[in-house]
Every structure is written in C-alpha cells, then in structure tokens.
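# Secondary and tertiary structure notes
So you can see what is in the structure, the chains are spelled out below.
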Amino acid sequence: MSAARQEKVRNIVCLLAGSFVYSVGTHCFVVPANIAPGGASGLALMVNFVTGLPVGVLTMVVNVPLLILAWIYLSRKFAVSTAMTCIACSVILDFVVAPVFPMYTGDRLLSSLFGGVIVGAGMALIFMSGSTTGGSDILGYILQKKKPHLSIGRALIIVDGVVLALSIFVFHNVESGLLGMISLYACTSVIDAILYGNDAGSMVTIVSQYPQRIADRIIQDLERSATVMDGRGAYSRKDTGILLCTVRRSQFGRLKQIIRETDSSAFVMVTETTEVFGEGFKEIVS
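Residues numbered from 1 in each chain as written. Predicted model: local features only at pLDDT ≥ 70, side-chain atom pairs only at ≥ 80, totals over all residues. Heavy atoms only, no water.

Database annotation for the protein, UniProt heading Subcellular location (unreviewed entry): "Cell membrane". (UniProt positions renumbered as here; feature names shortened; annotations may be inferred.)

Here it is in structure tokens:
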C-alpha cells in the first residue's frame, strides 16, 4: 500500500473514531444534562428539547445552510470535507450510539464536564483527520473573512456565546447556560491538550529543498500564508530554503501531512506558542 493510500486510510479511521467518540459524549452526557455548549450541535440540542426529534438529524439540518455559506464564501473543498464529517457524526449518533448506549441521568455538573471532555476528544480526532465538525467553525471563518480585523477565536466566542445565551431561555434556567460554558471550556481544553498540549498555536520552521512547493500547498490547502527565506547549511555549505508558518489546532495535523508528502527529508522544528497575534489570530492589543 502506497504512503498516500495509507494516509488516506488513517484519516478515514481518525474521522470515524472521532465521530463515534463525539457521538458518545453528546448522547450519553450532553443531551440528558439539557445544555447547549455552542455550535450547530448546541442549536440541534435545543430543538431536540422542544420537539424530541433525533439530535443527529437536527445537527445535519442546522449545518446545511452553513455548508452552503462555506461553499460560497470559503472553499468547495472545505465545504465537502465538512459535509462528509457532519453526515458521519449524524449517522453514528442516531443509528449506532443512541440505540445502544444509555444516558447518564445523574449530576448535571458531572454530565457537563464528562460531556465536554469526551466530545473534545472526539473533535480532536476529527481535526487530526484534516476535517472539522462545521457549525460555529464555519461562521467563525466567514465572520473573520468579512471582518479581517476580527480574529477567528473572537468570532467563535461571539457565535458560541449567542448559542449559550439562547439556551437559558430554551431550557428555562440559568444553570443550562453556566453548565454549557463549563462543557465548552472542557471541550476546547481537551482538544488543545490532545493536539499539541494546551497551546494556542504552533510555529513551524521547515528547512527544505522545496520551500515554495510546501508554501503553495499551505496556501491552497490551509488557506494560510508563510514566510520563505534563503538559508545555507553550515555543514553541507549548500543553499537551502527556510519556511516559517503558524497554524491553528485544527490545521496542525494537515500541515504535517503536507510536509511529509512534499519533502519527506525536510527538517522540521515545532515551537509551541501560548499566544499568537496577527491576522487570522488575536488582535495586537496593549
């Protein structure tokens, strides 16, 4: 089996495993706790509370208009990849997990914590496959594209904050919003810890004979830019290229794949960062 085929199989396995773990956390802990920790799934959980319709189907329905927006304003590749992930999560949640796994009906605080941790682990696996679960991610990227001065992180906080505020009125108690915040925090913390250890981003320094090829892949596949510099090996005394790039958590796995596919002999240094400022990340503030 070729390296490219092995990588594709690995991504599919990560996607399916992540979708399964995500579905277990949602069905067993988040749904019975009556919380909506942001995103399209949060909206779906609120509609489920009112109508009793399956959460997976509702999540897919909520994501449809968002996927259309992604197709128009972001990229077709991103929209198709996200749509496949949404379908996988919805099918596994409604037809694999829900009929078999029981719901935890104990303490709501424990539900929110364990739900956030398990959902976060599932989302991390999905990110490692090079995909995303859609929902607030799509709106966040669109908001950032329309308003470049607004960081994606802040855009996501705005979107998820609206969903959390709305959940207070749908579930008829303030605790739902507070527990949803706890669950969302646990989810994002676990995602960061699994992917690269509680850091906001990663600065990658790549020494390669093909820096421009890697940069072109980064621009095309990740929709990010990079800095290319000329270098010279101290031992070999040969000219080489140096590429600097900073990525978010959902893109880190894909970046490693790009480097491996383009130049498997590249020398790569990853610097974990606690904060990243600039376009696409946080604003530079005093």
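## Some details on the overall build of the protein
From N to C terminus, the protein includes ten helices and four strands. Reading the protein from its N terminus to its C terminus gives the helix and strand order α-α-α-α-α-α-α-α-β-α-β-β-α-β. Out of the 286 residues belonging to the protein, those deemed buried represent 49%. By sequence separation, contacts in the protein at least 24 residues apart represent 74% of the contacts at least 6 residues apart. Total accessible area computed for the protein in this model is approximately 14,700 Å², and 65% of it derives from carbon and sulfur atoms. (Helix = DSSP H or I, 4+ residues; strand = E, 2+ residues; numbered from the N terminus. Buried < 20%, exposed > 50% of the residue type's maximum accessible area, 1.4 Å probe, protein only. Contact = heavy atoms within 4.5 Å. Areas by Shrake-Rupley, 256 points an atom, 1.4 Å probe, with all protein chains shown as cover.)

## What about the packing of helix α3 (residues 55-73) against helix α4 (residues 76-97)?
Their axes nearest at 9 Å, the elements α3 and α4 cross at an angle of 175 degrees. Comparing their axes, α4 and α3 come out roughly antiparallel. Residues V55, G56, V57, T59, M60, N63, L67, A70 and W71 of α3 form the contact with α4, whose own contacting residues are R76, F78, A79, V80, T82, A83, C86, I87, S90, L93 and D94. The residue makeup of the contact of α3 with α4, split by class, is 13 nonpolar, five polar and two charged. (Axes fitted to C-alpha atoms, helices over the stretch in contact; angles between N-to-C directions. Parallel < 35°, antiparallel > 145°, perpendicular 65-115°, else oblique. Nonpolar A, V, L, I, M, F, W, Y, C, P; charged D, E, K, R; others polar.)

## Topic: the packing of aromatic side chains
Inspection of the entire model under this criterion finds four aromatic pairs. Seen from their ring centres, F29 and F114 are 5.9 Å apart, and the 25 degrees between their planes marks the pair as stacked. Linking F29 in helix α1 (residues 3-30) with F114 in helix α5 (residues 108-128), this pair joins segments that are 85 residues apart in sequence. On the basis of relative accessibility, which here comes to 44%, the residue F114 falls in the partly exposed class. An aromatic cluster is built from F29, Y104 and F114, whose rings are joined through pairwise contacts. (Phe/Tyr/Trp six-rings, centres within 6.5 Å; stacked < 30°, edge-to-face > 60°.)

## Here we look at the environment of V190
Counting through the fold element by element, V190 comes out in helix α8 (residues 174-196). Given a relative accessible area of 17%, V190 falls into the buried group. Separated by 67 residues in the primary sequence, V190 and M123 have C-alpha atoms spaced 9.2 Å apart. In this structure, V190 is in contact with V117, G120 and A121, ignoring residues within four places of it in sequence.

## Focus: the UniProt feature "transmembrane region" (unreviewed entry) in the protein
Using the residue numbers shown here, the UniProt feature "transmembrane region" (unreviewed entry) corresponds to residues 12-35, 55-74, 86-104 and 151-171. The span residues 86-104 shows a helical share of 63% and a strand share of 0%, and its end C-alpha atoms are spaced 24 Å apart.

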